[in-house]
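Below are the chains, spelled out letter by letter.
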Amino acid sequence: MFRVDEVNNLGEKHMQKKLINHAVRQGATRTLIALAVASAFPMHAALAQTAPTDGIAESNKLETVIVTGARRSENLREVPQSISAIKGEALDTYNSSGQDITFLAGRVPSLNVESDFGRTFPRFYIRGLGNTDFDMNASQPVGLIFDEVVQESPILKGFPIFDVDQIEVLRGPQGTLFGRNSPAGVVKFDSTKPTNVFEGYVNAGYGNYGAVNLEGAINVPLSDRWAMRFSGQAQSRNDRVYNTNPNPNTGTKSFEGYHDNAARLQFQYKDAGFTALFSAHGRDMAGNATLFRANIIQKGTNNIVPGFDYASYPTDGVNVQTLTSSGLNMRLRWDLDGVSLHSVTGYDRAKVYSRADVDGGFGASFAPPMGPGFIPFPSETADGLPFLRQITQEFRAQSNTKDPLQWIGGVYFFKEDIQVDSFDYNSLAGNVQDGYANQHQHAKSWATFGSVNYAVNDQLKLRAGLRYTDDKKDFDAQRFVSSIGGGPTDQKTTHPRSTNISWDFGANYLVDSTTSVYGRIATGYRAPSIQGRILFGNDISVANSEKNLSVEAGIKKDLLDNTARISATVFQYRVKDMQLTAGSGSVNQNRLVNAEKVTGQGFELEAQANLNRNWKVTLGTSYNKTEIKDPSLFIAPCGTGICTVTNPVDANGNALINGITLPRAPLWVANFTLRYTVPMGNGDFYAFTDWAYKDKYNMEVFEAKEYSAKPLLEGGLRVGYKWGNGKYELAAYGRNITNRQQIVGDIAFNNLTGILNEPRAYGVQFKANF
């Protein structure tokens, strides 16, 4: 060993070398831990290896992370799978500017969230697996669970985040306990529940562009058995982009303002052996769809054109988006001798209408003036859900003893009914409607599942699960009015059905009281998907079910007398019949295809440390290498001559996509936070900075120079003061503080249309707890 006074005189590289040499002498497990800690927190690691820890204050130790991803409350270190948890101050900071749910992108390893639709249609990706489909009935391979109820539709997945106790990101297939459409993983939200304490909070913020963000909750004990909790959020912002079309009498005049209000009311009843939780929630949003900006990409590059002005959007189209949604949730629990019985009932409904200028400009090549740049033809469309209804029911029984063998068994039912209306508008003739089609989808699914945990001894625990799923969809589509010269169509129908057995097996081994290693093998399943938006075509497409086989292994370690923690995972997966969304060249229509095989492999690393009572730091990173393996799969790329395709193409101009990465799947994702706190007066002053990095990625399922997103690093800053034992807080915040402006998405059929990331936001916030 070496003395503390030696460490203080050593250079950082020499410290790491000495640490590594020491770790080698201690064995393979300690080697891995020391290497990771030396890389992430070199000074902290060196001091901790040499300094006594008996005097470390309890307040400087990390809290135990409890997760419920396996339907039980468990210490994160004892769960044999890769899980991240976000809660508390981090959520308040990330969401301070009023951004929608996409703020979660990059906040934990292997997670990406984006939208080409606006605040109403997020798309989630885990370990590179996701879906770029923008159609209202699209399915996704990442499940979203809100208060134990699956949110199947992308429209439901965008519900605002407020008064949430914890968010868990479960990476890898979750088919056993969460079922269909979770082969990539699950993002799980748990609202703060009613308690028997009178309490609450109010959080008010004001920012640039007139942004107002209000959030609050009140918890009221009603009796010794009943408690109520009401929470709500109201977000609004003024328009910040303006129509500079030479003909200002057409189209929407200003954009990107919104009013987004949501609320949740919960009642909880607790008696000896019985708990009932009733919840109602709703949302009302009015704003704009995503702005598709014509020809903002330089031909042959992925650069923004010179002289681009974010606040200018010349268009002759209309842009509007509205959404209303509501839902009910009932969770019942009976604790009997040796077994607990659970019933989880969910009902959700929504209506949405979204209209946008898809070509992103004004005029056309045959109807000048036009711009910005060359607009070959006008394109303005709208999609709506006149109704979406979802019903879910789960019954499960699980052991509640302390025996070595623990088990869960249950049945699950899902029903969804939706209607999608699609409209085409002629922006050259005063934005009149000249195309209309609709589609109906009725989905039913049922499943039965079971899982067992067995403690072989105090160190080794095994886990296995099995689930049988039966899926059926009935789908019809019909075009009534056509703007493409094809006329109305007869009703087109399809009725895909599939069954599947998902399973998983995992093992967790406690090396010592602070270290565990684990391994897991699991399968996941995604039900057949349908694309039937026949407004601009006569065919519907059906993608068969996809199946995922994943293997992972990892280590989780509490370090330095529990003032630091690290977890590392390596994984590899194979997806058979992967569902992909392909464009249709110069036609505004998606087509679903199955790729024969997709592979992925990589690693994830998370670390956090309380360096001392003043400094706290977290670090996360992931590497995800994906590859499509299907030598026979060709798709239509962008419209003729629009972009510079780098894939091999056939005689018809179709792109061969064998060997390329999945779309919207960055190779590297990383995040970093640093917090400094110091006592001041009767409270604490703090400064908190957070940074998220996403590597370059393909925006489309083909490769093109223009549609390759650049790496993106965005940072946030929050400086504030807390007083009154933490009851009051006043802070200033900034998001995207470097104001990095970058193309993050595209529309690949009309011109070099691009979608931008959020510009810089800043403001002040006050929070009071009672």
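Below: a short report on this structure. The structure presented is a predicted model; accordingly, all values stated were derived computationally and were not measured.

## Some details on the overall build of the chain
Here is step 1 of the chain: Each helix and strand in the chain was counted, giving six helices and 44 strands.
Here is step 2 of the chain: Expected size for 770 residues packed as a compact globule is a radius of gyration near 27 Å; at 27 Å, the chain falls within 12% of this value.
Here is step 3 of the chain: Dimensions of the chain along its principal axes, counting C-alpha atoms only, are 80 × 60 × 60 Å.
Here is step 4 of the chain: When the 770 residues of the chain are sorted by exposure, 58% land in the buried category.
Here is step 5 of the chain: Relative to all contacts within the chain whose residues are 6 or more apart in sequence, the contacts with residues 24 or more apart total 68%.
Here is step 6 of the chain: Working note: accessible area of the chain is about 29,900 Å², and carbon and sulfur atoms make up 56% of it.

## Things to note about empty space enclosed by the protein
Here is step 1 of the chain: Per the stated rule, a full pass over the model turns up twelve cavities of 30 Å³ or more.
Here is step 2 of the chain: Space inside the second largest cavity adds up to approximately 520 Å³.
Here is step 3 of the chain: Considering the residues around the second largest cavity, the lining is formed by 35 residues, among which Phe134, Asn588, Asn590, Asp746 and Ile747 are closest to the centre.
Here is step 4 of the chain: Secondary-structure elements contributing two or more residues to the lining of the second largest cavity are strand S18 (339–357), strand S21 (380–399), strand S31 (564–584), strand S32 (587–610) and strand S42 (743–747).

## With respect to the packing of aromatic side chains
Here is step 1 of the chain: Within this structure, the stated rule accounts for 25 aromatic pairs.
Here is step 2 of the chain: On the numbers, 5.0 Å between centres and 85° between planes, the contact of Phe255 with Tyr313 is edge-to-face. Here Phe255 is found in strand S14 (residues 254–255), whereas its partner Tyr313 is found in the loop between strand S16 (274–287) and strand S17 (320–335), with 58 residues between them in sequence. By the burial criterion, Phe255 is buried, and Tyr313 matches it.
Here is step 3 of the chain: Through a chain of ring-to-ring contacts, the aromatic side chains of Trp226, Tyr269, Phe274, Phe278 and Trp334 assemble into a single cluster.

## Quick look at the pattern of salt bridges
Close approach of charged atoms lets side chains of opposite charge pair.
Here is step 1 of the chain: Here the structure, examined in full by the defined rule, presents 43 salt bridges.
Here is step 2 of the chain: Linking Arg240 and Glu758 is a salt bridge whose minimum nitrogen-to-oxygen distance equals 3.0 Å. Here Glu758 lies in the loop between strand S43 (753–756) and strand S44 (761–769) and Arg240 lies in the loop between strand S12 (226–237) and strand S13 (241–242), a separation of 518 residues in the sequence.
Here is step 3 of the chain: Taken together, the salt bridges that share partners define one network made up of Arg71, Asp147, Glu148, Arg331, Glu394 and Arg396.

## With respect to the side chain of Lys557
Here is step 1 of the chain: Along the chain, Lys557 falls in strand S30 (residues 546–559).
Here is step 2 of the chain: Judged by relative accessible area, which is 12%, Lys557 ranks as buried.
Here is step 3 of the chain: Among the polar contacts made by the side chain of Lys557, one reaches the side chain of Thr514 at a distance of 2.7 Å.

## Considerations on a nonpolar patch on the surface
Here is step 1 of the chain: Residues Phe198, Val202, Ile218, Leu222, Trp226, Phe230, Leu265, Phe267, Phe278 and Phe770 make up a contiguous nonpolar surface patch of about 860 Å² in total accessible area.
Here is step 2 of the chain: Among the secondary structure elements, those contributing two or more residues to the nonpolar patch are S12 and strand S15 (258–271).
Here is step 3 of the chain: Along the chain, Phe770 falls in the segment after S44.

## Notes on the sheet that holds strand S7 (residues 149–150)
Here is step 1 of the chain: Strand order in the open sheet made by the five strands is S3-S8-S9-S6-S7, with mixed pairing throughout. Whereas interior strands pair on both sides, the edge strands pair on one side only; in this sheet they are strand S3 (83–86) and S7.
Here is step 2 of the chain: As defined by bridge partners, S3 adjoins strand S8 (residues 164–171) across four bridges and the pair is classed as antiparallel. The residue of S8 that forms the bridge with Ile86 is Ile167.

## Here we look at the state of the cysteines
Here is step 1 of the chain: The full count for this structure, using the stated rule, is one disulfide.
Here is step 2 of the chain: Cys638 shares a disulfide with Cys643; S-S distance 1.8 Å. Taking the sign of the S-S torsion, about -80° here, the bridge from Cys638 to Cys643 comes out left-handed. The pair Cys638 / Cys643 is uniform in exposure class, with both members buried.

## Regarding a positive patch on the surface
Here is step 1 of the chain: Taken together, Lys547, Arg574, Lys576, Lys597 and Lys629 make up a surface patch of like positive charges.
Here is step 2 of the chain: Tracing the chain through its elements places Lys576 in strand S31.

## Some thoughts on the pairing of S18
Here is step 1 of the chain: Direction of pairing for S17 relative to S18: antiparallel, over a ladder of 16 bridges. Looking at S18, one finds that Thr324 is bridged to Lys351.
Here is step 2 of the chain: Hairpin remark: S17 followed by S18, antiparallel, with three residues in the connecting loop; positive phi at Gly338, about 90°.
Here is step 3 of the chain: Pairing analysis gives 18 bridges linking S18 to S21, with the strands arranged antiparallel. Each bridged residue has a counterpart across the sheet, and for Arg355 the counterpart in S21 is Ala382.

## Some details on the environment of Phe413
Here is step 1 of the chain: Residue placement: Phe413 occurs in strand S22 (residues 405–426).
Here is step 2 of the chain: Along the sequence, Phe413 and Asp695 sit 282 residues apart, while their C-alpha atoms lie 39 Å from each other.
Here is step 3 of the chain: For Phe413, the residues in contact, after removing those within four places along its chain, are Ile391, Thr392, Gln393, Ser445 and Trp446.

## With respect to the pairing of S42
Here is step 1 of the chain: With respect to burial, S42 is a largely interior element, five of its five residues being buried.
Here is step 2 of the chain: Here four bridges tie S42 to S43, and the two strands are oriented antiparallel to one another. Among the inter-strand pairings, Ile747 is bridged to a residue of S43, identified as Thr753.
Here is step 3 of the chain: Where S42 folds back on S43, the antiparallel hairpin that results is connected by five residues.

## Some thoughts on the nonpolar core
Here is step 1 of the chain: Counting 74 residues, the largest nonpolar core has Leu104, Leu580, Phe702 and Tyr707 as its most contacted members.
Here is step 2 of the chain: If you tally residues by element for this core, the top one is S31, at six residues.
Here is step 3 of the chain: Look past the residues within four positions of Leu104 in its chain and what remains in contact with it is Ile86, Leu111, Val113, Ile161, Ile167 and Phe189.
Here is step 4 of the chain: Of all hydrophobic cores here, the second largest spans 18 residues; its members include Ile145, Leu177, Phe414 and Ala447.

## A look at unusual backbone geometry
Here is step 1 of the chain: Of note, the amide linkage connecting Pro368 to Pro369 takes the cis form, showing an omega dihedral of 0°.
Here is step 2 of the chain: With respect to the helices and strands, Pro369 occurs in strand S20 (residues 367–371).
Here is step 3 of the chain: Note the cis peptide between Gly371 and Pro372, where omega equals -10°.
Here is step 4 of the chain: Along the polypeptide, Pro372 turns up in the loop between S20 and S21.
Here is step 5 of the chain: Residues other than glycine seldom take positive phi values, yet Ser110 does so here, at roughly 70°.
Here is step 6 of the chain: Summarising the element assignment, Ser110 is placed in the loop between helix H5 (89–94) and strand S4 (111–114).
Here is step 7 of the chain: Using a relative accessible area of 5% as the deciding quantity, one classes Ser110 as buried.
Here is step 8 of the chain: In this structure, Asn181 is a non-glycine residue whose phi angle is positive, near 60°.
Here is step 9 of the chain: One can find Asn181 in the loop between helix H6 (175–178) and strand S9 (185–191).

Cut-offs used in this document
Residues numbered from 1 in each chain as written. Predicted model: local features only at pLDDT ≥ 70, side-chain atom pairs only at ≥ 80, totals over all residues. Heavy atoms only, no water. Helix = DSSP H or I, 4+ residues; strand = E, 2+ residues; numbered from the N terminus. Rg over C-alpha atoms; globule rule 2.2 N^0.38 Å. Buried < 20%, exposed > 50% of the residue type's maximum accessible area, 1.4 Å probe, protein only. Contact = heavy atoms within 4.5 Å. Areas by Shrake-Rupley, 256 points an atom, 1.4 Å probe, with all protein chains shown as cover. 1 Å grid on protein atoms, 1.4 Å probe; cavity = no way out; pocket = protein on both sides within 12 Å on 5 of 7 lines; lining within 4 Å. Points joined across faces, edges and corners; volume = space filled by probe spheres on them. Phe/Tyr/Trp six-rings, centres within 6.5 Å; stacked < 30°, edge-to-face > 60°. Salt bridge = Lys/Arg side-chain N within 4 Å of Asp/Glu carboxyl O. Polar contact = N/O pair within 3.5 Å; in protein donor to acceptor, adjacent residues only side chain to side chain. Patch = residues over 30% accessible without salt bridge, like charges linked within 9 Å, V, L, I, M, F, W, Y side chains within 5 Å. Pairing = 2+ DSSP bridges. Disulfide = S-S within 2.5 Å. Lys, Arg positive; Asp, Glu negative; His and termini not counted. Charge placed at Lys NZ, Arg CZ, Asp CG, Glu CD. Core = buried A, V, L, I, M, F, W, Y, C linked by side-chain atoms within 4.5 Å.

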